[in-house]
Structure formats: C-alpha cells, structure tokens
Amino acid sequence: GAVVSQHPSRVICKSGTSVKIECRSLDFQATTMFWYRQFPKQSLMLMATSNEGSKATYEQGVEKDKFLINHASLTLSTLTVTSAHPEDSSFYICSAPLDRDTEAFFGQGTRLTVV
Amino acid sequence: RKEVEQDPGPFNVPEGATVAFNCTYSNSASQSFFWYRQDCRKEPKLLMSVYSSGNEDGRFTAQLNRASQYISLLIRDSKLSDSATYLCVVNTNAGKSTFGDGTTLTVKP
C-alpha cells in the first residue's frame, strides 16, 4: 500500500532555533499534502494544506511566517517551525491522499520538544 | 459546533464486551468517511472505511447514515489489544481530513 514517510520522528531543540520536518510520499505522487498538529489529549488539528508548486493554504490562526511550508516536488513537503518556542512543542503529522475519495496516508509523526 | 463530533468517552469495558461508538458530522458535502485507530503517541492508522451500505471487517462493523449525517462503529468480542483511541474522520473535497476528538477505549481483563 501507499506509504508516507516523515522525518525526524523526534526532535528536541532550543528556544529560538528552527526545525525542519520532512514528509515524503514513497510510492505515489502527492500534489497535496496536509500538516496536522496534535497537543496532548486533543485531536489532530489541520494546520495547512501543502500544494505542489504553489503556496500553502493555512488554517485560521496558524501563522504562515512561523510555520513555513514548501512543497517543491510531487513527493516531498517540508514544514519548518521557525524561532521555536516551548508552546510549539507538539506532535506534528503529515498526510497525503491518493485521491480525494480515498483515505489519507499518514506519516509516522514528529514529536517536537522545545526547551 | 465542531465539524465532527464523537462520543466523549472514555469507554472502559471487560474483554468480550460489545461496544459502540457514535459520530456526527456537520458538513453535508463531505465525501468519504473513515474510522482510524490511534495508539498512544503514534500516528493514526486506518481501521476501516465507512459506506452507506455498511461494512464489516471481522469483529468491526461500520455504518454510515448520510441523511442523519451519522457514523457508527461497533466492536464485538472486545480484546485487550483493542484498547486505543478511535477517531472518526470525514474527508471533504480534495482529501482534507477532519478529525473528531476521538473516543478512548480501554478493554480490561
């Protein structure tokens, strides 16, 4: 089946630094990928839609200058958390659908801890 | 009102019990529907798709009622390994997934 690979799985960084998270579709092309964030004991919340070759679409309340998304190829989307702060500590997960009517395939998630 | 609402839970049941989860969605234009399972600190994994005709996979049965915008999941003969959080997921156009808050199930010996 389709596989989405996300890297790194865990990262600890200092406040003020930037962290890049990669999301790859391994055996299919994904013109659209989605980035979610999940705080403890809460559901996954959509942050942004990553569109290959164009600007990402951000959900209300998500700062586009803080969460930079790049989708430069049909198999790779990256999320960069810039100037990270402790409140950015969360579980970040990407997904890519094969098409609009099928289930999305999720990456393994990245647990970010900002100290 | 949330786009996807689930039973708040938690559900604590003995092994062998039958348990049912309910979910409602507000966007009538929703295209497709799924139940996912999420174990602690892991990514969600697809449990099953949900169709209007109903579908069954072993001990799991899912049902969709488009008129009522209601989705259900029935688990029969619960196993310890069924303990997890179950997420109701609704896809709108272009594959965007909207998640319910999840219902936590704990199956006890």
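Engineer: Could you give an account of the sheet that holds strand β7 (residues 60-65) of chain B, with specific residues and numbers?
Structural biologist: Residues and elements named next belong to chain B. Taken together, the five strands give an open sheet; going across it, the order is β1-β3-β8-β7-β6, and neighbouring strands pair in antiparallel fashion. Looking at the sheet topology across the chains shown, the edges are occupied by β1 (4-6) and β6 (55-57). With direction set aside, neighbouring strand axes in the sheet form an average angle of 15 degrees. Inspection of the sheet shows β6 paired to β7 by three bridges, in the antiparallel sense. The partner of Asn55 across the bridge, within β7, is Ala62.

Engineer: Tell me about the interface of chain A and chain B, residues and numbers included.
Structural biologist: Opposite the 21 residues of chain A that make contact, chain B presents 22 residues. Buried surface at the junction of chain A and chain B, both sides included, amounts to about 1,700 Å², of which 52% is carbon and sulfur. Summed over the shared surface of chain A and chain B, the result is three residue pairs in polar contact (both at pLDDT 80 or more). Of all the secondary-structure elements, those providing two or more residues to the side of chain A that touches chain B are β4 (32-38), β5 (45-51), β9 (90-97) and β10 (104-106) of chain A. For the side of chain A that touches chain B, a count of residues per class yields nine nonpolar, six polar and six charged.

Engineer: So what's going on with the packing of aromatic side chains? Which residues, and what values?
Structural biologist: Inspection of every chain in the model, using the stated rule, returns twelve aromatic pairs over all chains. Judged by centre distance (6.4 Å) and plane angle (40 degrees), the rings of Phe67 of chain A and Tyr92 of chain A are tilted. Of this pair, Phe67 of chain A sits in strand β7 (residues 67-73) while Tyr92 of chain A sits in strand β9, and the two are 25 residues apart along the sequence. Across this residue pair, the class does not change: Phe67 of chain A and Tyr92 of chain A are buried. With 5.1 Å between their ring centres and 70 degrees between their planes, Phe11 of chain B and Phe21 of chain B make a pair best called edge-to-face. Of this pair, Phe11 of chain B sits in strand β2 (residues 11-14) while Phe21 of chain B sits in strand β3 (residues 19-25), and the two are ten residues apart along the sequence. Given the relative accessible area of 0%, Phe21 of chain B is considered buried. Grouped by ring-pair contacts, the aromatic residues Tyr36 and Phe106 of chain A together with Phe34, Tyr36 and Phe99 of chain B constitute a single cluster. Sitting over the face of the ring of Phe67 of chain A, Lys66 of chain A holds its NZ or CZ atom 5.9 Å from the ring centroid.

Engineer: Can you explain the pattern of salt bridges? Please cite residues and give values.
Structural biologist: Applying the stated rule across the entire model yields eight salt bridges over all chains. For Asp88 of chain A, the salt bridge goes to Lys66 of chain A, with nearest N and O atoms at 2.8 Å. One end of the pair, Asp88 of chain A, is in the loop between β8 (76-81) and β9; the other, Lys66 of chain A, is in the loop between β6 (57-58) and β7, with 22 residues separating them in the sequence. Across the pair, Lys66 of chain A and Asp88 of chain A agree in class, each one buried. A salt bridge links Arg59 of chain B to Asp82 of chain B, with the nearest nitrogen and oxygen atoms 2.8 Å apart.

Engineer: Which residues make up the environment of Ser43 of chain A, and what are the values?
Structural biologist: Here Ser43 of chain A is to be found in the loop between β4 and β5. By relative accessible area, Ser43 of chain A is classed as buried at 4%. Excluding its chain neighbours within four sequence positions, the residues that come into contact with Ser43 of chain A are Arg37 and Gln38 of chain A together with Phe99, Gly100 and Asp101 of chain B. A distance of 2.5 Å separates a polar atom in the side chain of Ser43 of chain A from the backbone oxygen of Gly100 of chain B.

Engineer: Give me the lowdown on the pairing of strand β8 (residues 70-75) of chain B, citing residues and values where you can.
Structural biologist: All names here are of chain B. Sheet topology note: the β3/β8 ladder contains six bridges and is antiparallel. Along β8, the bridge assignment pairs Val19 with Ile75. Judged from the six bridges that link them, β7 and β8 form a sheet pairing that is antiparallel. Pairing of Gln63 across the sheet is with Ser72, part of β8. Following β7, the chain reverses through four residues before pairing antiparallel with β8; Gln69 in that reversal takes a positive phi of roughly 55 degrees.

About the criteria used
- Residues numbered from 1 in each chain as written.
- Chains lettered and ligands numbered in written order.
- Predicted model: local features only at pLDDT ≥ 70, side-chain atom pairs only at ≥ 80, totals over all residues.
- Heavy atoms only, no water.
- Pairing = 2+ DSSP bridges.
- Helix = DSSP H or I, 4+ residues; strand = E, 2+ residues; numbered from the N terminus.
- Axes fitted to C-alpha atoms, helices over the stretch in contact; angles between N-to-C directions.
- Contact = heavy atoms within 4.5 Å.
- Buried area = accessible area lost by both parts, 1.4 Å probe.
- Polar contact = N/O pair within 3.5 Å; in protein donor to acceptor, adjacent residues only side chain to side chain.
- Nonpolar A, V, L, I, M, F, W, Y, C, P; charged D, E, K, R; others polar.
- Phe/Tyr/Trp six-rings, centres within 6.5 Å; stacked < 30°, edge-to-face > 60°.
- Buried < 20%, exposed > 50% of the residue type's maximum accessible area, 1.4 Å probe, protein only.
- Lys NZ or Arg CZ within 6 Å of the ring centre and 35° of its normal.
- Salt bridge = Lys/Arg side-chain N within 4 Å of Asp/Glu carboxyl O.

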